[in-house]
Amino acid sequence: MVTVVLPHPLRVLAGLSGDAQLEVAAPVTTQRVLDALEARYPMLCGTVRDHDTGTRRAYVRYYACGEDLSHDAIDALLPEAVANGSEPFLIIGAIAGGR
Amino acid sequence: MSSLRLLIGTRKGAFILTADAKRKNWRVDGPHFPGWPVYHLKGSADDPNRIYASQVSDWFGQIIQRSDDGGKSWLQPGTPPGEQAKAPNGMPKGESNKFVYDTSEATGKPLTTHQWYDGTQHPWEFKRVWHLEPAPGNPDQVYAGIEDAALFQSRDGGRTWQELAGLRGHGTGPRWMPGAGGMCLHTIIADPADPRRIYVAISAAGAFRSLDGGASWTPINRGLRSNFLPDPTAEIGHCVHHVTMHPARPQTLYMQKHWDVMRTDDGGDNWREVSGNLPTDFGFVIDVHAHEPETIYVVPIKSDSEHFPLEGKLRVYRSRTGGNEWQELSRGLPERDCYVNVLRDAMSVDKLDPCGVYFGTTGGQVYGSADGGESWQAIVHDLPAVLSVEAQVIP
């Protein structure tokens, strides 16, 4: 079970009161985690990665185990600690000003 | 007895203000979608409880919301709550937030480039929905004006969206350019007497007209003058801020351009300036009285570099002669130290008698007049910056 930490606006949109818990089949990659997230919570389609191209939105970042994984290949293996659920996969809204 | 509903889009959520027909005592409901910019909400003229809303974030993109009960509850129409992500036919849901430019052979691959701020060419990129316009006669049909500028349509209550590609397809796209707020299609006017007649306006491209339900388009900018253009009277490139039309006069349009208040009486074939005695003819909003097609309202703003009222005095100006002769309306509005702006979609009128007029400010005030503009009251003082105001009369 993979734990995904969502930014507050997306938790509200998905109707979640806490983190998302997702079954993700091995090998656990960013793409598989995001596919599972969007399949479980289709209202999040287009909010993390572009609805059309599937690319990460400009102001969204992916972190895990103290590392910024935003620019890693989307099909690269995530750390084992994410795959076994001992560490979360974090989706972060970039700090980009406060309009 | 009729009642009033104001749909307010703000920088940090949506609010719904309601009152009875006296329009004295208001109830404030919200925020809906708290923390998210809500660019626009609009109800269907045929079913006022059917409301569409554009919820949008620089971080997380575009969300289309729909209410079928007057704003009490909301749904993303392409994503019914609790249902599986894919329909039985395998089609993905979550489709109501998906706006993809048409690049098909069938529509001539209209995707091209537009002019960037520095004069170079830049590809079209979807950013947000600025305006939602339910089509006359069918609550399930709704138009969306988007940034980068294009017109989309849904015929299934907002579940899916398709571009009306003829607008970008007529060849002037490379000369369109973004204004300071982005390259937005912000005005959509569908003639209730002839739904095939549609007007749109784009900042900064100009105004366009379709007579075939959006399949093909004609630029209608003759008579506009913009000194920031190499050719000030060019066919394309004008920074139109807003356009309005009275339903009884579908050939007459009023325009607040970047500078200049303009009027046409031949469906946009020829425009003439009607700024007259306005203290400044820069501004964003313009609207027309519900029962008097020659009565129009603007809020003059000092200049394109100083987006606030002259002398710190918030004023609405009204013309009862279709322009040129303007009267200052100030009763109940701030007399000093007011430095707010009134954005392009932030004015609306109701259809009661006397006509009500409403506008919202970037300072979070929503002002209303229940007597055609003679006097004003602040309905609310402290909302987030107001992006849009739409008035609905509920039978």
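Residues numbered from 1 in each chain as written. Chains lettered and ligands numbered in written order. Predicted model: local features only at pLDDT ≥ 70, side-chain atom pairs only at ≥ 80, totals over all residues. Heavy atoms only, no water.

One broad rule of soluble globular proteins: the nonpolar side chains tend to lie buried together. Formed by 39 residues in total, the largest nonpolar core has its most connected members in Val4(A), Tyr41(A), Leu44(A) and Ile91(A). Ranked by residue count, the leading element in this core is helix H2 (residues 30–40) of chain A, at 4 residues. When neighbours within four sequence positions are excluded, Leu44(A) is seen to be in contact with Leu6(A), Leu10(A), Leu13(A), Ala14(A), Leu37(A) and Glu38(A). Of all hydrophobic cores here, the second largest spans 38 residues; its members include Trp26(B), Leu314(B), Tyr358(B) and Phe359(B). (Core = buried A, V, L, I, M, F, W, Y, C linked by side-chain atoms within 4.5 Å. Buried < 20%, exposed > 50% of the residue type's maximum accessible area, 1.4 Å probe, protein only. Helix = DSSP H or I, 4+ residues; strand = E, 2+ residues; numbered from the N terminus. Contact = heavy atoms within 4.5 Å.)

On to H2(A), then. Listed as buried for H2(A) are Thr30(A), Val33(A), Leu34(A), Ala36(A), Leu37(A) and Glu38(A). Looking at the packing, one finds that the buried side of H2(A) touches strand E1 (2–5), strand E2 (20–22), strand E3 (60–64) and strand E5 (89–93) of chain A.

The next point concerns the pairing of strand E22 (residues 296–301) of chain B. Residue and element names in this part refer to chain B. When you tally the buried positions in E22, you get 6 out of 6 residues, the bulk of the element. Of the two faces of E22, the one holding Ile296, Val298 and Pro300 and the one holding Tyr297, Val299 and Ile301 are both buried throughout. For strand E21 (residues 282–288) and E22, the ladder comprises 5 bridges, and the chain directions are antiparallel. Of the residues in E22, the one forming a bridge with glycine 283 is proline 300. Alignment of E22 against strand E23 (residues 316–319), held across 3 bridges, turns out to be antiparallel. The residue bridging valine 298 from the neighbouring strand is tyrosine 317, located in E23. (Pairing = 2+ DSSP bridges.)

Before going further, it helps to examine the confidence of the model for chain B. Confidence in the prediction of chain B, expressed as mean pLDDT, is 93, and 95% of residues score 70 or more. Scoring the predicted complex yields pTM 0.92 and, for the interface, ipTM 0.80. (pLDDT = per-residue confidence, 0-100.)

Okay, the packing of aromatic side chains next. Residue and element names in this part refer to chain B. Scanning all chains against the criterion turns up 18 aromatic pairs over all chains. Taken together, a centroid distance of 6.0 Å and an interplanar angle of 80° make the contact between tryptophan 26 and tyrosine 358 edge-to-face. Placement of tryptophan 26 in the loop between strand E2 (13–20) and strand E3 (27–32) and of tyrosine 358 in strand E26 (residues 357–360) is noted, with a sequence separation of 332 residues between them. Comparing tryptophan 26 with tyrosine 358 shows no difference in burial state: the two are buried. For the ring pair tryptophan 36 and phenylalanine 60, a centre distance of 6.2 Å and an interplane angle of 50° mean the geometry is tilted. In this pair, tryptophan 36 sits in the loop between E3 and strand E4 (38–43) while phenylalanine 60 sits in the loop between strand E5 (51–57) and strand E6 (61–67), placing the two residues 24 residues apart along the sequence. Judged by its relative accessible area of 5%, tryptophan 36 is buried. By the ring-pair criterion, three or more aromatic residues cluster together here, those being Phe99, Tyr101, Phe126, Phe152 and Trp161. The aromatic ring of tryptophan 124 is capped on one face by arginine 168, whose charged end is 4.8 Å from the ring centroid. (Phe/Tyr/Trp six-rings, centres within 6.5 Å; stacked < 30°, edge-to-face > 60°. Lys NZ or Arg CZ within 6 Å of the ring centre and 35° of its normal.)

Moving on: the interface of chain A and chain B. Counting from both sides, the interface comprises 21 residues of chain A and, opposite them, 20 residues of chain B. For the pair chain A and chain B, the summed buried surface comes to about 1700 Å²; carbon and sulfur atoms form 61% of the total. Scanning the region where chain A abuts chain B turns up 0 salt bridges. One can count 3 residue pairs in polar contact (both at pLDDT 80 or more) joining chain A with chain B. Only helix H1 (8–14) and H2 of chain A provide two or more residues apiece to the side of chain A that touches chain B. Top contributing element to the side of chain A that touches chain B by residue count: H1(A), with 3 residues. Among the residues forming the side of chain A that touches chain B, the class breakdown is 12 nonpolar, 5 polar and 4 charged. (Buried area = accessible area lost by both parts, 1.4 Å probe. Salt bridge = Lys/Arg side-chain N within 4 Å of Asp/Glu carboxyl O. Polar contact = N/O pair within 3.5 Å; in protein donor to acceptor, adjacent residues only side chain to side chain. Nonpolar A, V, L, I, M, F, W, Y, C, P; charged D, E, K, R; others polar.)

In this section: the pairing of E3(A). All names here are of chain A. Side chains Val60, Tyr62 and Ala64 project from E3 onto a buried face, and the interleaved Arg61 and Tyr63 project onto a face without burial. In this sheet, E5 lies alongside E3 in antiparallel orientation, the contact comprising 4 bridges. By the bridge assignment, valine 60 is partnered in E5 with glycine 93. When E3 meets strand E4 (residues 67–68), the two strands line up antiparallel, connected through 2 bridges. Note that in E4 the partner of alanine 64 across the bridge is glutamate 67. Following E3, the chain reverses through 2 residues before pairing antiparallel with E4; cysteine 65 in that reversal takes a positive phi of roughly 50°.

Right, let's talk about the side chain of Ser70(A) for a bit. All names here are of chain A. Within the secondary structure, serine 70 sits in the loop between E4 and helix H3 (80–83). Side chain to side chain, serine 70 and aspartate 68 meet in a polar contact 2.5 Å long. Not counting residues within four places of it along the chain, the set of residues in contact with serine 70 comprises Arg56, Arg61 and Tyr62.

All names here are of chain B. Tallying each qualifying case throughout the model produces 29 salt bridges over all chains. Among the salt bridges present, the one from aspartate 68 reaches arginine 50, with a minimum N-O distance of 2.6 Å. One end of the pair, aspartate 68, is in the loop between E6 and strand E7 (113–115); the other, arginine 50, is in the loop between E4 and E5, with 18 residues separating them in the sequence. A cluster of three or more residues bridged by salt bridges with shared partners is formed by Arg249, Arg263, Asp265, Arg272 and Glu294.

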